[in-house]
Amino acid sequence: MSLYQDLSKRLREHIELGFYKPGDKLPSVRQLSQEHGVSISTVQEAYRQLEQDILVEARPKSGYFVVQKPRVDNLPRVSRPPQRPLDVSQWEEVFNMLMIRGDEKGAQLQHAMPDMTVSTLKPLLKTLADLSKKSPELGLGYGDIRGSQELRTQLCRLAGASGCQLHPDDIVVTSGCQEALSVCLRAVTEPGDIVAIESPSFYGSMQAIKAANLKAMEIPTHPETGISLEALELALDQWPIKAILVTPTCNNPLGYTMPDDKKERLYRLAQSYDIAIIEDDIYGDIAYQFPRPRTIKSFDEDGRVLLCSSFSKTIAPGMRVGWIAPGRYRDKVTHIKYVSSSMCPTLPQLAIAQFIRLGEYDKHIRTMRQRYEKQRDHMLTVIKRYFPNDTRVSFPNGGFILWVELNKSVDSIKLVEQCRLEGVGFAPGPLFSATGKYRHCFRVNFSGQNMEQREWGIKTLAHILLRFSKTL
């Protein structure tokens with residue numbers, strides 16, 4: 001063990017044993033250097049390791065402090081969706097929200113957009129510019145319909161962190177995760193089939209179900225551990241469900257990460273009923289914990305799990321680079337992808353492949369995990385400060401979105417209309433249900449814009465909510 005690792009381990013033990021409590025100031029770099037007889041750079045590296053693990057934080061001109069975690073005492077209630085398959089609606093509402101640009105004035109918190117202002121993306125942008133300038137012909141011709149070999153090789157390397165052992169031939173590159181989900185649904189179902197989903201669930205998944213002429217079976221979902229396996233099993237006994245579509249890691253919108261043992265139980269349940277699992281892992285790489293959580297795909301023994309992801313949440317949605325590890329459905333997925341959109345643009349794939357290969361993606365992800373966790377804690381503090389006492393809020397383990405549950409007398413559809421007039425946007429709850437449930441809930445993003453803008457947005461939203469509540 002190196003000197004900085006040894007020092008980092010000692011400080012970690014002192015924090016975990018309570019010698020230093022949340023919010024306490026830690027010894028200065030110079031003090032630790034003298035006490036332990038090590039160099040200043042060794043102490044700085046030890047603190048950097050603890051920062052990476054979200055145990056300490058550096059405050060400008062003040063030193064290092066033990067990170068304070070917000071209390072988790074007001075989580076949203078376990079959902080209770082209708083106990084029957086239903087047609088998905090809400091497209092008009094989703095479309096209207098998508099038409100609102102994220103760069104409009106005010107605090108636009110409705111879109112699940114990553115922070116794209118960070119310096120860790122500069123190597124990727126430089127690579128993309130160099131490729132466009134030096135080898136523009138690479139982006140002009142047809143490429144492999146499965147995606148570039150270079151990118152698929154690097155994706156296999158990344159998959160190892162989630163417990164998966166994949167070969168480049170196991171992967172099909174798509175135009176983002178939305179296309180991946182759509183292709184997978186069409187590969188494992190026929191029109192009129194039933195798909196089991198979490199409730200609430202990402203509106204993009206809902207609309208993919210709608211577009212494929214399928215029915216959604218919403219399953220009760222816990223805000224900390226995910227979809228109820230007991231309720232799912234009852235539904236599987238009662239209805240001819242053909243697939244399960246879940247986001248078990250850093251869920252959108254509830255933010256939970258399903259425990260590994262429950263992920264394996266979900267896989268075994270699908271195995272016993274001989275149905276497919278479509279796993280949306282788009283936020284998995286920005287889970288705050290290290291090592292990053294395992295995927296359901298990592299338990300897959302017979303190829304029934306179709307793993308979907310993209311770089312839309314970890315890098316930028318405009319890159320439009322996603323992928324599928326479709327298991328036994330590879331040939332059908334490849335065919336549907338071909339007739340859907342043929343190949344994907346080559347240059348973004350090559351740029352991202354180099355970004356990963358050179359280790360820049362890992363550096364970027366470490367930075368974003370730390371940044372998003374701090375932003376989460378700030379957003380939770382602000383909501384608790386300004387919102388009514390009976391407000392319930394999710395506590396995500398990764399990503400950059402929060403699910404907020406208000407008093408049942410509040411209608412988020414009407415509330416969002418008033419908020420837009422004052423420059424504040426959020427995603428109303430009914431978008432995350434097949435039938436428009438969760439009218440008293442909404443989702444907000446805490447990655448975009450700066451801390452002051454987000455706080456202004458939440459404060460303004462709270463004031464509008466107070467006025468709105470008085471008129472009920």
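The coordinates are above.
Now for a quick tour of the structure. (Residues numbered from 1 in each chain as written. Predicted model: local features only at pLDDT ≥ 70, side-chain atom pairs only at ≥ 80, totals over all residues. Heavy atoms only, no water.)

In total, this model carries 13 aromatic pairs according to the counting rule given. Here the aromatic rings of phenylalanine 202 and tyrosine 203 are separated by 4.9 Å at their centres, their planes lie at 45°, and the arrangement is tilted. The buried category is assigned to phenylalanine 202, whose relative accessible area is 16%. Overall, the relative accessible area of 8% leaves tyrosine 203 in the buried class. Arranged with centres 5.0 Å apart and planes meeting at 50°, the rings of phenylalanine 311 and tryptophan 323 form a pair that is tilted. Remark: tryptophan 323 occurs in strand β11 (residues 322-325) and phenylalanine 311 occurs in the loop between β10 (305-310) and β11; sequence separation between them is 12 residues. Residue classification places tryptophan 323 among the buried positions, given a relative accessible area of 11%. Three or more aromatic residues link up through ring pairs in this structure, and these residues are Phe202, Tyr203, Trp403, Phe432 and Tyr438. The aromatic ring of phenylalanine 65 is capped on one face by arginine 59, whose charged end is 3.9 Å from the ring centroid. (Phe/Tyr/Trp six-rings, centres within 6.5 Å; stacked < 30°, edge-to-face > 60°. Buried < 20%, exposed > 50% of the residue type's maximum accessible area, 1.4 Å probe, protein only. Helix = DSSP H or I, 4+ residues; strand = E, 2+ residues; numbered from the N terminus. Lys NZ or Arg CZ within 6 Å of the ring centre and 35° of its normal.)

To continue, consider the pairing of strand β8 (residues 241-246). Taken across its six residues, β8 has five buried, putting it largely inside the fold. Taken together, the four bridges between strand β5 (residues 194-199) and β8 define a ladder with parallel strand orientation. Note that in β8 the partner of valine 195 across the bridge is alanine 243. Two strands pair when backbone bridges link them, and β8 and strand β9 (residues 276-280) are joined in this way by four bridges, in the parallel orientation. Within β9, the residue paired with leucine 245 across the bridge is isoleucine 278. Once the chain exits β8 it traverses helix α10 (residues 260-272) before rejoining the sheet at β9, and the crossover so formed is right-handed. (Pairing = 2+ DSSP bridges. Right-handed = clockwise from strand over helix to strand, strands pointing away.)

Overall, mixed pairing links the eight strands, which are arranged β4-β11-β10-β9-β8-β5-β6-β7 in an open sheet. The sheet is open, and its two edges are formed by β4 (172-174) and β7 (226-227), each paired on a single side. Pairing analysis gives six bridges linking β5 to strand β6 (residues 215-222), with the strands arranged parallel. Each residue of the ladder has a partner; that of valine 195, found in β6, is alanine 216. Of the strands in this sheet, β4, β5, β8, β9, β10 and β11 are in contact with helix α7 (residues 176-188), which crosses β10 at around 160°. (Contact = heavy atoms within 4.5 Å. Axes fitted to C-alpha atoms, helices over the stretch in contact; angles between N-to-C directions.)

Quick look at the pattern of salt bridges now. For the structure shown, the criterion picks out 31 salt bridges. Across the pair lysine 337 and glutamate 179 runs a salt bridge whose closest N-O atoms are separated by 3.1 Å. Here lysine 337, found in helix α11 (residues 330-341), pairs with glutamate 179, found in helix α7; they are 158 residues apart in sequence, far enough to count as distant. Ionic pairing is found between arginine 265 and glutamate 230, a salt bridge with its closest N-O pair at 3.7 Å. Of the two residues, arginine 265 is situated in helix α10 and glutamate 230 in helix α9 (residues 229-238); the sequence distance between them amounts to 35 residues. Its relative accessible area of 43% is what places arginine 265 among the partly exposed residues. Linked by salt bridges that have partners in common, Asp144, Arg146, Arg152 and Asp169 make up one network. (Salt bridge = Lys/Arg side-chain N within 4 Å of Asp/Glu carboxyl O.)

Turning to unusual backbone geometry, a few remarks are in order. Cis peptide bonds are those with omega within 30 degrees of zero, and the linkage from asparagine 252 to proline 253 qualifies with 20°. Mapped onto the elements of the fold, proline 253 is located in the loop between β8 and α10. Backbone torsion omega between phenylalanine 290 and proline 291 reads 0°, so that peptide bond is classified as cis. Along the polypeptide, proline 291 turns up in the loop between β9 and β10. If you check the backbone angles, asparagine 213 has positive phi at about 60° while not being a glycine. Summarising the element assignment, asparagine 213 is placed in the loop between α8 (203-211) and β6. Residue asparagine 213 is classed as exposed on the basis of its relative accessible area of 52%.

Read from one edge to the other, the open sheet built from four strands follows the order β12-β13-β16-β15, with strand pairing classed as antiparallel. Here the strands that pair on one side only, and so sit at the sheet edges, are β12 (392-393) and β15 (427-428). Looking at chain direction, strand β13 (residues 401-405) and strand β16 (residues 441-445) are connected through five bridges and run antiparallel. Of the residues in β16, the one forming a bridge with valine 404 is phenylalanine 442. Against the sheet, helix α13 (residues 360-386) touches β12, β13 and β16, its axis set at about 20° to β13.

Turning our eyes to something else, we now look at the nonpolar core. Ranked by internal contacts, the top residues of the largest apolar core, which has 94 residues, are Phe311, Ile315, Phe387 and Leu415. Beyond its immediate chain neighbours, meaning those up to four positions away, phenylalanine 311 contacts Leu151, Leu155, Leu158, Ala316, Val321, Trp323, Ile352, Ile356 and Tyr361. Within the second largest apolar cluster, 22 residues are counted, among which are Ala196, Ile241, Leu266 and Leu269. (Core = buried A, V, L, I, M, F, W, Y, C linked by side-chain atoms within 4.5 Å.)

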